[in-house]
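# Report on the structure
Listed here are the chains, written in short residue letters.
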Amino acid sequence: MALDQDWDDEVDEDKDGTEMSFLDHLEELRWHIIRSMASILIFTIAAWIFRNEIFGIIIMGPTKVDFWTNQVLCRLAEMTGWTSLCLKQADFILQSREVSGQFMMALTQSIIVGLMFAFPYAFYEVWRFIRPGLKEKEQKAARGAVFWVSVLFFIGVSFGYFLVAPMAINFLATFKLDPSIQNQFDINDYISLLSMLTLACGLTFQLPMIAFVLSQVGILTPSFMREYRKHALIVILLLAAIITPSPDVISQLLVAFPLFGLYEISIIVSGRVLRRKMREEAAEAND
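An account of the accompanying structure is given in this report. (Residues numbered from 1 in each chain as written. Predicted model: local features only at pLDDT ≥ 70, side-chain atom pairs only at ≥ 80, totals over all residues. Heavy atoms only, no water.)

## Here's the deal with the overall build of the protein chain
Spelled out, the test is: Put simply, DSSP marks the helices as runs of H or I at least four residues long and the strands as runs of E at least two long, and each gets a number from the N terminus on. Using a 1.4 Å probe on the protein chains alone, a residue whose accessible area is under 20% of its type maximum counts as buried, one over 50% counts as exposed, and one in between counts as partly exposed. It only takes one pair of heavy atoms within 4.5 Å for two residues to be counted as in contact.
If you tally the helices and strands in the protein chain, you get 12 helices and 2 strands. When the helices and strands of the protein chain are read in sequence order from the N terminus, they spell out α-α-α-α-β-α-α-α-β-α-α-α-α-α. Counting every position in the protein chain, which comprises 287 residues, the buried fraction comes to 37%. Pairs at least 24 apart in sequence give 83% of the contacts found in the protein chain among residues at least 6 apart.

## Structural notes on a nonpolar patch on the surface
Operational definition: Like-charged residues are merged into a patch within 9 Å and nonpolar side chains (Val, Leu, Ile, Met, Phe, Trp, Tyr) within 5 Å, provided each residue has over 30% relative accessible area and no salt bridge. Accessible surface is estimated by sampling points in the Shrake-Rupley manner with a 1.4 Å probe; for residues, cover comes only from the protein chains shown. Put simply, a salt bridge is a Lys or Arg side-chain nitrogen that is within 4 Å of an Asp or Glu carboxyl oxygen.
Nonpolar side chains collect at one region of the surface, where Trp82, Leu233, Leu237, Val249, Leu253 and Phe257 lie side by side and expose about 540 Å² of accessible area between them. Elements with a minimum of two residues in the nonpolar patch: helix H11 (229-243) and helix H12 (249-286). For leucine 233, the location among the structural elements is in helix H11. With a relative accessible area of 35%, leucine 233 lands in the partly exposed category.

## Things to note about a positive patch on the surface
Condition: None of His or the chain ends enter the tally, which takes Lys and Arg as positive and Asp and Glu as negative. By convention, the point assigned to a charge is CZ for Arg, NZ for Lys, CD for Glu and CG for Asp.
A grouping of Arg226, Arg272, Arg275 and Arg279 is seen on the molecular surface, where their side chains present a positively charged patch. In terms of residue count, the dominant contributor to the positive patch is H12 (3 residues). Structurally, the position occupied by arginine 272 is in helix H12. Since its relative accessible area comes to 57%, arginine 272 is described here as exposed.

## Brief notes about the environment of serine 158
Assignment of secondary structure puts serine 158 in helix H7 (residues 145-174). Taking the C-alpha atoms as reference, serine 158 lies 9.5 Å from leucine 199; in sequence the two are 41 residues apart.

## Considering helix H8 (residues 187-204)
Heads up, the condition is: Take the residue count of a helix, subtract one, and multiply by 1.5 Å to get its expected span. Whenever two N or O atoms come within 3.5 Å, that pair is a polar contact, provided that in protein one can donate a hydrogen and the other can accept it, and provided that, for residues adjacent in sequence, both atoms are side-chain atoms.
End to end, H8 covers 26 Å across 18 residues, agreeing with the expected 26 Å (1.5 Å per residue, within 8%). The elements touched by buried residues of H8 are helix H3 (51-59), strand S1 (93-95), helix H5 (101-130), H7, strand S2 (184-186) and H11. The N-cap of H8, judged by a side-chain oxygen 2.9 Å from the amide nitrogen of asparagine 188 a few residues on, is aspartate 186.

Right under this line is the structure:
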């Protein structure tokens, strides 16, 4: 929170009290974009330097039997009897079918890692551009936005990487129409699947922040979310079924429970925003 406060203070110091023209706004936006892209480039270069370690430990991690999540799922399978949860052996082969396949794979993984680690600073730059256009009350209400957006993003990415991705890879890699068919996947397809699952979860975990913004502008209310809680639960179960292609009920519930928890947190966030707005309106009426 202190770090985010310093960032907010820096934004305030950049203001000179004069109105900016449309071209000035474009110039300001251009520099925010340049700094965001520079941060992504720096992390991408760092990821390229350590590309072998990233590929061997992080990218290939969910495919290994000794991966932390796979070990936990195997213990869960022993307790519940759902043996399909346990990844006994990665029964598939990853291969590169193009001359430039491995180079493009290394470049792709470096860019994705760069995007993920640069996300907090890139969002901070976007926030620096948007924040001066907000009213003082709105700026005060949104204090800590960079911090919470970043925290929720990395929690979502971790959820996707440690839980969703291993279960999806386990099911898709072992699914066969006939034992005579051998699974041989292109490495780029595997990286695309892994990155899609992790980044999608990172964005999905922004639900409380989305609820905060919509509640702040008066579009969303906690009573509305409570009224449609059952509908939201159905949508979450469907989303969990899509994210985890495995037909196991336990796999879907492992994904659905955190998502439903996010929905409940969003109701709390919306309620706090509504109560604060009511207090402010009451204070203005008394004045």
